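Residue strings, one per chain:
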Amino acid sequence: MSDVVSSPSQNIPRGLTPGAPARRDIGIKRRYAAERRFRAYGMTAVIFGLVFLVILVSTVVRNGYTAFVQTSITLPIEFSEKLIDPTGKRAGDSKVLISANYPVLVRDTLVKVLGIDPANRALVREATSMVSDSARIVLRDKVVANPAIIGTTQNVTFLASANIDSANKGQIDLTVEEKDRKVSDRQVAWMKQLSESGALYKSFNSGLFLSGNSSRPEAAGLGVALIGSLYLMLTVLVLALPVGVAASIYLEEFAPKNRLTDLIEVNINNLAAVPSIVYGLLGLSVFINTMGLPRSASLVGGLVLSLMTLPMIIIATRSALRAVPPSIRSAALGLGASRMQMVFHHVLPLAMPGILTGTILGLAHALGETAPLLLIGMVAFVANYPTSPLDPSTALPVQIYMWASEAERAFVERTSGAIIVLLFFLVAMNIGAILLRRRFERRW
């Protein structure tokens, strides 16, 4: 017998070729390397987005946090009867009190406090410009509310003018030459004098939340915009939520599956992707031109935003209904419940966390919309509080747009401050949606 020498390939298991283990190890290493690269790409994208988010938020906060503080000037105003009520009618004729020359009271007080020569008109005008023009309204309201103060001296607090406010906050570089800044050296000296006496100081700017719009940046506030946004959200909540949930329940639980329902589903998905400005054009055409509803009214804005939010609520509600296991439906029907009882007693309560989350996110999206509100006239200058949804009003994003288009530098601070307020509401609504979902969510 001849000796048979076995080759190395004869010891390899069946199905494998020579070099297969080495190639397999190389393939595994490549897959691991590809996985590591993919993770690195994802982490880079996340870090990239976070960096830009931090830059955006820090820029807004840096420019707007000072809007929550306002410079005020407290002066001992002498309510001279010769200037306010020369006829002696007092409260008998309110027109006399309303039309009095109140700026003269501020001017005379500043002349005394700062020790200015009354004959030097240039200095008097320069000193008077340190106080906001809203001082006239402050004094008028004070006298009309209490005519008994005529003839007395009262400490009254006024807003400083925009330039003095900016200088006191350090937003104006006082080291540059006087001709290159809006605050003169004399005004800087007077600011120091008033500050040392305690008459000029910074305090919380409650007017940012309570006052209406104004052409004077130091007196402008978000009060009207906040009320208008509240009316908008209430209108959307009352109209879009019940209609959206009812439509979702019908389409998901009761509607037959045919071409008509398929067409409806496609159109709902398409409506969710329609640009918001198209809804503004629809509202302008239908609600204002055809139905004759008033322009700039919160009701019209709420109707437009309801149409825009409705597809989002329907899609979110249907997704929440689909997430309920089919066994819940089968068990309810097997125990003798009707289809209506099965939906409203079992399926809907279990889907409620998802419905609430979708609704809150839809409201947050509607709160930040600007384009449709501009087309229906909510960009109007409104200084008085709306008493109903039919009164002229504006909204937070529209107010931000209006302030951003102003040329005066002090409105930059107001714009950033309003953005901070809007971001606070949006973040609060999103956090609320997350907490509600975690609180009521059930794992299957």
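Numbering of residues starts from 1 in every chain and runs along the sequence as written. The model is predicted, so local features are restricted to residues of pLDDT at least 70 and side-chain atom pairs to those at 80 or more, both for listing and for counting; the totals for chains, interfaces and linings are taken over all residues. Water and hydrogen atoms were dropped before computing side-chain values, which therefore reflect all heavy atoms in the structure.

### Describing the sheet that holds strand β2 (residues 153–159)
Any two strands are treated as partners once DSSP identifies two or more bridges connecting them. For helices the rule is a DSSP run of H or I covering at least 4 residues; for strands it is a run of E covering at least 2, with both sets numbered from the N terminus onward. One open sheet holds the three strands; their spatial order is β2-β1-β3, and the pairing between them is antiparallel. Edge positions in the open sheet fall to β2 and β3 (200–204), since each of these has one partner strand only. Direction aside, the axes of adjacent strands within the sheet are offset by 40 degrees on average. Where strand β1 (residues 69–78) lies against β2, seven bridges are found, and the strand directions are antiparallel. Note on β2: the bridge partner recorded for Pro-76 is Asn-155. Contacts are residue-level and defined by heavy atoms, with any inter-residue pair within 4.5 Å sufficient. To obtain each axis, a line is fitted to C-alpha atoms, and for helices this fit is confined to the stretch in contact; angles are then taken between N-to-C directions over 0 to 180 degrees. On top of the sheet, helix α4 (residues 102–114) reaches β1 and β2; it is set at about 90 degrees to β1, its chief contact. Helix-sheet contacts for helix α6 (residues 135–145) involve β1 and β2, and the interaxial angle to β2 is about 140 degrees.

### Considering the UniProt feature "domain: ABC transmembrane type-1" (unreviewed entry) in the protein
Here the UniProt feature "domain: ABC transmembrane type-1" (unreviewed entry) sits at residues 226–432. Secondary structure content for residues 226–432 is 77% helix and 0% strand, while the C-alpha to C-alpha distance between its ends is 19 Å. UniProt positions are given in the numbering used here, feature names are shortened, and annotations may be inferred rather than shown by experiment.

### What about the UniProt feature "transmembrane region" (unreviewed entry) in the protein?
Here, the residues flagged by UniProt with the feature "transmembrane region" (unreviewed entry) are residues 40–61, 219–251, 271–293, 299–321, 342–367 and 417–436. Its end C-alpha atoms 51 Å apart, residues 219–251 is made of 88% helix and 0% strand. Taken as a whole, residues 299–321 contains 100% helix and 0% strand, while its terminal C-alpha atoms sit 31 Å from one another.

### A word on the packing of helix α17 (residues 396–404) against helix α18 (residues 410–440)
Taken N-terminus to C-terminus, the directions of α17 and α18 make an angle of 160 degrees; their axes are 9 Å apart at the nearest point. By the angle between their directions, the pair α17 and α18 is classed as roughly antiparallel. α18 is crossed by α17, and the crossing has left-handed handedness. Here Leu-396, Ile-400, Trp-403 and Ala-404 of α17 lie close against α18, whose contacting residues are Phe-411, Arg-414, Thr-415, Ala-418, Ile-419, Leu-422 and Phe-425. Ten residues, namely Ala, Val, Leu, Ile, Met, Phe, Trp, Tyr, Cys and Pro, are considered nonpolar, four, namely Asp, Glu, Lys and Arg, are considered charged, and the remaining ones, Gly among them, are considered polar. For the contact of α17 with α18, a count of residues per class yields nine nonpolar, one polar and one charged. If an angle is under 35 degrees, it is roughly parallel; if it is over 145, roughly antiparallel; if it lies from 65 to 115, roughly perpendicular; otherwise it is oblique. Here a crossing is taken to be left-handed if its near helix is turned anticlockwise relative to the far helix by less than a right angle, and right-handed if that turn runs clockwise.

### Some thoughts on the domain arrangement of the protein
The domain boundaries assigned to the protein delineate domain 1 (71–203) and domain 2 (222–440). At the interface, five residues of domain 1 touch four residues of domain 2. Buried area is calculated as the accessible area (1.4 Å probe) missing from two parts once they are joined, with the contributions of both summed. At the boundary of domain 1 with domain 2, total buried surface from both sides reaches about 370 Å², with 34% on carbon and sulfur atoms. The working definition used for a salt bridge is a side-chain nitrogen of Lys or Arg within 4 Å of a carboxyl oxygen of Asp or Glu. Here Lys-169 ties to Glu-413 by a salt bridge, and the two come within 3.1 Å at their closest N and O atoms. Here the side of domain 1 that touches domain 2 is composed, by residue class, of one nonpolar, two polar and two charged. Per the annotation, domain bounds derive from an automatic or database assignment of domains.

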